[in-house]
Amino acid sequence: MRNNQSTNTAQSVLLDKLNRSIEGEVHKEALYRYMLSTDGSIYQVQPTAVVYPRNSADVSETLDLARRHEMPVHGRGAGSGLCGAALGAGIVLDFTRYMNRLVHLDPDERTFECEPGYRFGELEARLKATGLFFPPDPSSGEYATFGGMFGTNASGAHSVKYGNTADYVLDAEVITGSGEALRFSEVLSRPMAALSPFLQRVAQLYRDNQAVIESAYPSVRYNSSGYNLRGLVQDDRLDLRRLFAGSEGTLGITTRLKFRLI
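Residues numbered from 1 in each chain as written. Predicted model: local features only at pLDDT ≥ 70, side-chain atom pairs only at ≥ 80, totals over all residues. Heavy atoms only, no water.

With reference to specific residues and values, describe the overall build of the protein.
Broken down by element type, the protein carries 10 helices and 11 strands. For a compact globule of 262 residues, the expected C-alpha radius of gyration is about 18 Å, and the protein comes in at 19 Å, within 12% of that figure. For the protein, the spread of C-alpha atoms along the three principal axes comes to 55 × 45 × 30 Å. Expressed as a percentage of contacts within the protein between residues at least 6 apart in sequence, the contacts between residues at least 24 apart total 61%. With the model as given, the accessible surface of the protein reaches about 13,500 Å², and the carbon-plus-sulfur share is 49%. (Helix = DSSP H or I, 4+ residues; strand = E, 2+ residues; numbered from the N terminus. Rg over C-alpha atoms; globule rule 2.2 N^0.38 Å. Contact = heavy atoms within 4.5 Å. Areas by Shrake-Rupley, 256 points an atom, 1.4 Å probe, with all protein chains shown as cover.)

For the sheet that holds strand 11 (residues 253-260), give the residues involved together with the corresponding values.
Within the open sheet, the five strands sit side by side as 5-6-11-7-8. Their pairing is antiparallel. Both edges of this open sheet fall to strand 5 (102-106) and strand 8 (181-183), since each of them pairs with a single strand only. Each strand axis lies, on average, 10° off the axis of its neighbour in the sheet, ignoring direction. As paired elements, strand 7 (residues 169-175) and strand 11 share six bridges and run antiparallel to each other. (Pairing = 2+ DSSP bridges. Axes fitted to C-alpha atoms, helices over the stretch in contact; angles between N-to-C directions.)

Residue-level account of the pairing of strand 4 (residues 91-94), with values.
Burial of the side chains of strand 4 extends over both faces: Ile91 and Leu93 are buried on one face and Val92 and Asp94 on the other. By the bridge criterion, three bridges tie strand 2 (residues 49-52) to strand 4 in an arrangement that is parallel. Bridge pairing in strand 4 links valine 50 to valine 92. By the bridge criterion, four bridges tie strand 3 (residues 73-76) to strand 4 in an arrangement that is parallel. Note that in strand 4 the partner of histidine 74 across the bridge is valine 92. (Buried < 20%, exposed > 50% of the residue type's maximum accessible area, 1.4 Å probe, protein only.)

Okay, structure coming up:
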C-alpha cells in the first residue's frame, strides 16, 4: 500500500509539472477520469489522467513524459469504438476539445486536411452541394472523429464498394513513442539511405519477410487483424500510411491527417 501511495504521489507531481508546461489541460480529478473510463464497448478502465492537447507540441511533451516514466498513453476521439481501443490505465489524450479543426478543404483537388478530433458529421455538413463525399461511413459517423477512424481503419456499410479509411489517406503527421515526429509524405519522398536508423530497420524487417507478408494475408476486402504490412516498401520507398491505419495508436499518436474525397 505504501509503495502504491508513493507511486501515485510521484505521478501526481509529474502531471502537475506537465500541466504547467503545455498549452492544453491536464486533469487527474476523479470526475474526468471516470468520464473517460468507458467508450462504446462493454469495458471500463480508469485512466491515470486525461490530457486535452492544443497542438502537436503538447502531444510531444506528453509522450516525452510518458516515455521517461514508463506510463502508457491512449489516444481518444469520440470514444465510439466497440472494442475498448480508447481505454487504458495510463494517460488518455483526448483530441475532441481543442485539436478538432478542419485545417484545409480543397474541392478542386478533392482533398481535405484536419486535426484528429475533427468529426465526420462536420465534414458532411461542409460538403453539402459540392458533389463530394468521404466514402467510409461507420455507424457512429455523425460524431466519429477522423483520428479515431484512421486509428481503427473504419469502414461502414458500403466498405465492399468503397473500401476503408486507409484507402483514402494521402498524408499524416504522427509522433512515435520514441518522440520522433514523422510526416508520411516526407518519409515516402526520401530514399531509404536518407531515413532514420529506426525507419531503416522497419523497412529491413519488411524486406526480410516480404514473401511471407505478401502471400499469407487472406484475399478479403477488409482485414483489420494485426498490422497491415503489405506494400510497406515500394520502389525503395517506405510508405507508412497503411501500416499506421488500423494500428489503434500503438505505433504513434496522429496529430494531423490529409484525405482524398470522391
